[in-house]
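# Architecture and fold: a report
One letter stands for each residue in the lines below.
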Amino acid sequence: YPGVIGNGDCDGGDFNTAECGFDGGDCFDFSEQYPDCAVEEPAWIRNGLCDGGAYNSEECGFDGGDCIVAQYPDCAVEYPAYIGDNNCDGGGYDTEECG
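Residues numbered from 1 in each chain as written. Predicted model: local features only at pLDDT ≥ 70, side-chain atom pairs only at ≥ 80, totals over all residues. Heavy atoms only, no water.

With that settled, consider the overall build of the protein chain. The secondary structure content of the protein chain amounts to three helices and zero strands. Seen in sequence order, the protein chain has helices and strands lined up from the N terminus as α-α-α. On C-alpha atoms alone, the protein chain measures out to a radius of gyration of 16 Å, which is more than a quarter above the 13 Å that the 2.2 N^0.38 rule sets for 99 residues. In terms of principal-axis extent, the alpha carbons of the protein chain reach across some 50 × 20 × 20 Å. For the protein chain, buried positions account for 29% of its 99 residues. At a minimum sequence separation of 6, the contacts of the protein chain that also span at least 24 residues come to 16%. (Helix = DSSP H or I, 4+ residues; strand = E, 2+ residues; numbered from the N terminus. Rg over C-alpha atoms; globule rule 2.2 N^0.38 Å. Buried < 20%, exposed > 50% of the residue type's maximum accessible area, 1.4 Å probe, protein only. Contact = heavy atoms within 4.5 Å.)

This is the structure we're talking about:
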């Protein structure tokens, strides 16, 4: 798939490596900002939606900030949309850090 290298979109996986020039330069800023963030779809970072799994990790800036609950910045949960949804979700959601 050499056509995706340098096409303006940051592609993950094998394309976002030093050997591929960080996707022909498309992923340079992403790789500099999140050097230890290894996800398949780097474009999902900081796209306004909280993606779970590896995206919502310290290495990926908690999905580029998409997974940070503004009024509870120390609340680190898989699905921040559950905070304040009028349901008792238990576990890590039922903590002082998460309100």
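Tallied over the entire structure, the rule returns four disulfides. There is a disulfide in this structure between C50 and C67, and the S-S distance comes to 2.0 Å. Taking the torsion about the S-S bond as the criterion, the C50 to C67 disulfide, at about 100 degrees, is right-handed. With a gap of 17 residues between them, C50 in the loop between α2 (28-33) and α3 (61-64) and C67 in the segment after α3 connect regions that are remote in the sequence. Residue classification places C50 among the partly exposed residues on the basis of a relative accessible area of 26%. Overall, the relative accessible area of 3% leaves C67 in the buried class. Between C20, a cysteine without a disulfide, and C27, which holds the nearest cysteine sulfur, the sulfur-to-sulfur distance is 10.0 Å. Lacking any disulfide linkage, C88 is separated from the closest cysteine sulfur, that of C98, by 12 Å. Note on C88: relative accessible area 74%, which makes it exposed. (Disulfide = S-S within 2.5 Å.)

Before going further, it helps to examine the packing of aromatic side chains. The full count for this structure, using the stated rule, is four aromatic pairs. Ring centres 5.5 Å apart and planes at 40 degrees place the aromatic pair Y82 and Y93 in the tilted group. With a gap of eleven residues between them, Y82 in the segment after α3 and Y93 in the segment after α3 connect regions that are remote in the sequence. Three or more aromatic residues link up through ring pairs in this structure, and these residues are Y79, Y82 and Y93. (Phe/Tyr/Trp six-rings, centres within 6.5 Å; stacked < 30°, edge-to-face > 60°.)

Moving on, we come to the side chain of D63. Mapped onto the elements of the fold, D63 is located in helix α3. Look past the residues within four positions of D63 in its chain and what remains in contact with it is W44, I45, R46, L49, C50, D51, Y55 and N56.

What follows concerns the side chain of N56. Locating N56 in the fold gives a position in the loop between α2 and α3. Contact partners of N56, with chain neighbours within four places excluded, come to C50, D51, F62, D63, C67, V77 and E78.

As a rule of thumb, non-glycine residues mostly have phi less than zero, and peptide bonds are mostly trans rather than cis. Look at F22: it is not a glycine, yet its phi comes out positive at around 50 degrees. F22 sits in the partly exposed class, given a relative accessible area of 28%. Backbone geometry places N86, a non-glycine residue, at a positive phi of 65 degrees. Mapped onto the secondary structure, N86 falls in the segment after α3.

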